[in-house]
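# Structural overview for review
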Amino acid sequence: MARYVGNKCKLCRREGMQLFLKGQRCFTDKCAQKRRDYPPGVNAQKRTKVSDYGVHLREKQKLKRIYGVQERQFMLYFHEAERLKGNTGEHLMALLERRLDNVVLAAGLALSRNHARQLVNHGHFTVNGRWVDVASYKVRPGDVIATRTGEKVRAQVSEALEINKSHPVPAWLEVNRDTLAVRVVGMPRREDIIHPIQEQLIIELCSK
């Protein structure tokens, strides 16, 4: 599957907000978005007028880049959210939050989203005792995500937990620091998702 391999700081600058794609670096003064708060490109600062379509598109691009999904996969999530009863926007956000790589990151077991995806894809986590190496695996309440035995991997996860200890863990996740495991205690609610996304704009765009 295609993936973005370019400069991640340019994505933050293009969207005009921190997407936290580089983990701890984003919380330091080295963050490019803080130092150059304007879009990348020679003539980027001259662009002032944004159309209504552009506003809607930028919201969708922000969400895709935060969770690291491509267009086709994003639309699959959207159509699944459409089929569920209730608010489509909230369902869409919840489906993205329930991705295994996002759970690993949100629980503090990884330093960045790319790090979380790499750990999952390399088979370093189990779900309910079963080996899972699919980053898009959708967790459910009651699932237990644990680190597979291996000193090097456990050392990496322990280090990540220590570095991320100041960041709050979402209420729908329960982290056991001793066993390096995470238990899904509920479904993610909109108030649990910290990203400043206007999901209604995305729904309006994708529904056309």
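Now for a look at the structure at hand. (Residues numbered from 1 in each chain as written. Predicted model: local features only at pLDDT ≥ 70, side-chain atom pairs only at ≥ 80, totals over all residues. Heavy atoms only, no water.)

## Some remarks on the nonpolar core
Among the nonpolar cores identified, the biggest contains 23 residues, and Leu100, Val104, Leu109, Phe125 and Ile145 are the most heavily contacted of them. Where this core is concerned, the elements lending two or more residues are helix H6 (100–106), helix H7 (113–121), strand S1 (125–127), helix H8 (151–163) and strand S5 (181–184). Contacts of Val104, omitting those with residues within four sequence positions, involve Leu109, Ala110, Ala116, Val120 and Phe125. Counting residues in each nonpolar core, the second largest holds 18 residues, with Phe74, Tyr77, Leu92 and Met93 among its members. (Core = buried A, V, L, I, M, F, W, Y, C linked by side-chain atoms within 4.5 Å. Buried < 20%, exposed > 50% of the residue type's maximum accessible area, 1.4 Å probe, protein only. Helix = DSSP H or I, 4+ residues; strand = E, 2+ residues; numbered from the N terminus. Contact = heavy atoms within 4.5 Å.)

## Details of the pattern of salt bridges
In this structure the tally under the stated criterion is ten salt bridges. With its nearest N and O atoms 2.9 Å apart, the salt bridge here joins Glu71 to Lys60. With a gap of eleven residues between them, Glu71 in helix H4 (residues 71–83) and Lys60 in helix H3 (residues 52–67) connect regions that are remote in the sequence. Here Lys60 falls in the buried class, since its relative accessible area comes to 9%. Between Asp192 and Arg189 there is a salt bridge whose closest N-O contact spans 3.6 Å. What makes Asp192 buried here is its relative accessible area of 16%. In this structure, a network of salt bridges that share partners links the residues Lys60, Lys64 and Glu71. (Salt bridge = Lys/Arg side-chain N within 4 Å of Asp/Glu carboxyl O.)

## Description of unusual backbone geometry
Phi at Asn128 takes a positive value of approximately 55 degrees, unusual for a residue other than glycine. For Asn128, the location among the structural elements is in the loop between S1 and strand S2 (130–131). Non-glycine residue Leu180 carries a positive phi angle of around 55 degrees. With respect to the element layout, Leu180 can be found in the loop between strand S4 (173–176) and S5. With a relative accessible area of 3%, Leu180 lands in the buried category.

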